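# Inside the fold
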Amino acid sequence: MNNVLHKSVDYFVTFDEEDTSVAGKARWGELPTAAPVDSEDGEDPLERGWEATKEEFERNLDRVKEAIDELSDGEIMRDEDLARHAFHKVGAYDGPTIFLYTEHGTGIRHRGQLDRLLEESEELWIVPADVHF
């Protein structure tokens, strides 16, 4: 297993760690330390991670669309209502709005990318971690 961390990660907690009261199991409940993605233990965190990524994208995309419809170019440039922040999140390749990553630390940004990874790999494992950016 690779321990790949992006340079902007403050810390991470895996689900075999017991000495924290605010992260890992304490925050998200019981998850496996690691599991094959095609197992019952692996399918749930994989789908939860994908759904969280999709929901965050859709939420931020709605904010972008609203900003384009309602704000002037100058207001967007000044980041009125955090419009530019939403633009940034929609285009993010990593960070708190991306919940699934490859073993190389690449954020999985769309379903086609996830499906291709699942189809092309013979043995994939999911390793849940609570990551603070």
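Going by the structure above, here's the rest.
Predicted model, so just to flag it, every value in this text is computed and none were measured. (Residues numbered from 1 in each chain as written. Predicted model: local features only at pLDDT ≥ 70, side-chain atom pairs only at ≥ 80, totals over all residues. Heavy atoms only, no water.)

### What about the overall build of the protein?
The test is simple: Put simply, DSSP marks the helices as runs of H or I at least four residues long and the strands as runs of E at least two long, and each gets a number from the N terminus on. For every residue, the accessible area obtained with a 1.4 Å probe (protein chains only) is divided by the maximum for its type, and the residue is called buried under 20%, exposed over 50%, and partly exposed between those limits. Working definition of accessibility: Shrake-Rupley area with a 1.4 Å probe, residue cover restricted to the visible protein chains.
Check the secondary structure of the protein and you find five helices and four strands. The helix and strand sequence of the protein, counted from the amino end, reads β-α-β-α-α-α-α-β-β. Here the C-alpha coordinates of the protein stretch approximately 50 × 35 × 25 Å along the principal axes. Every one of the 133 residues in the protein was classed for burial, and the buried ones make up 29%. Taken as a whole, the protein presents about 9,100 Å² of accessible surface, with 48% of it coming from carbon and sulfur.

### What to know about the environment of Y101
For clarity, the cut-off: The contact criterion used throughout is that any non-hydrogen atoms of two residues lie within 4.5 Å. Pairs of N or O atoms are called polar contacts if they sit within 3.5 Å, as long as, within protein, a hydrogen donor faces a hydrogen acceptor (for residues adjacent in sequence, only side-chain-to-side-chain pairs).
Relative to the elements of secondary structure, Y101 occurs in the loop between α4 (83-90) and α5 (111-120). Sequence-wise, Y101 and G24 are 77 residues apart; in three dimensions their C-alpha atoms are separated by 17 Å. With residues near it in sequence (within four places) discarded, Y101 still touches D94, G95, T106, G107, I108 and F133. Only 2.9 Å separates the side chain of Y101 from the backbone nitrogen of G95, close enough to count as a polar contact. Only 3.5 Å separates the side chain of Y101 from the backbone oxygen of I98, close enough to count as a polar contact.

### A look at unusual backbone geometry
Positive phi is not limited to glycine here, since D79 has a value of about 65°. In this structure, D79 sits in the loop between α3 (73-77) and α4. On the accessibility criterion, D79 (25% relative accessible area) is partly exposed.

### Some thoughts on the pattern of salt bridges
We apply this condition: The working definition used for a salt bridge is a side-chain nitrogen of Lys or Arg within 4 Å of a carboxyl oxygen of Asp or Glu.
Summed over the entire model, instances satisfying the criterion amount to five salt bridges. Residue R111 pairs with E47 through a salt bridge whose shortest N-O separation is 3.6 Å. Highlighted residues: R111 in helix α5 and E47 in helix α2 (residues 40-70), separated in sequence by 64 residues. Residues R59 and E56 are paired through a salt bridge, measuring 3.0 Å at the closest nitrogen-oxygen approach. Taken together, the positions of R59 and E56, both in helix α2 and three residues apart, correspond to about one turn of that helix.

### What about a negative patch on the surface?
This is how the line gets drawn: Patch rule: a residue counts if its relative accessible area is over 30% and it has no salt bridge; like charges are joined within 9 Å, and nonpolar side chains (Val, Leu, Ile, Met, Phe, Trp, Tyr) within 5 Å. Residues scored as positive are Lys and Arg, those scored as negative are Asp and Glu, and His as well as the terminal groups of each chain are ignored. Where a charge sits is defined by one atom per residue type, namely NZ (Lys), CZ (Arg), CG (Asp) or CD (Glu).
Together, E55, E58, D62, E66, D69, E70, E80 and D81 make up a negatively charged patch on the protein surface. One can find E58 in helix α2.

### With respect to the nonpolar core
Formally: Residue types Ala, Val, Leu, Ile, Met, Phe, Trp, Tyr and Cys, when buried and joined through side-chain atoms within 4.5 Å, form a set referred to as a nonpolar core.
Of all hydrophobic cores here, the largest spans eight residues; its members are A35, V37, L46, W50, L100, I108, L114 and I126. Other than its neighbours up to four places away in sequence, L46 contacts V37, L100, L114, L118 and I126.

### Quick word on the environment of E80
Looking at the secondary structure, you find E80 in the loop between α3 and α4. For E80, a relative accessible area of 33% gives the class partly exposed. Taking the C-alpha atoms as reference, E80 lies 8.6 Å from A67; in sequence the two are 13 residues apart. E80 has contacts with L71 and E75, leaving out every residue within four places of it along the chain.

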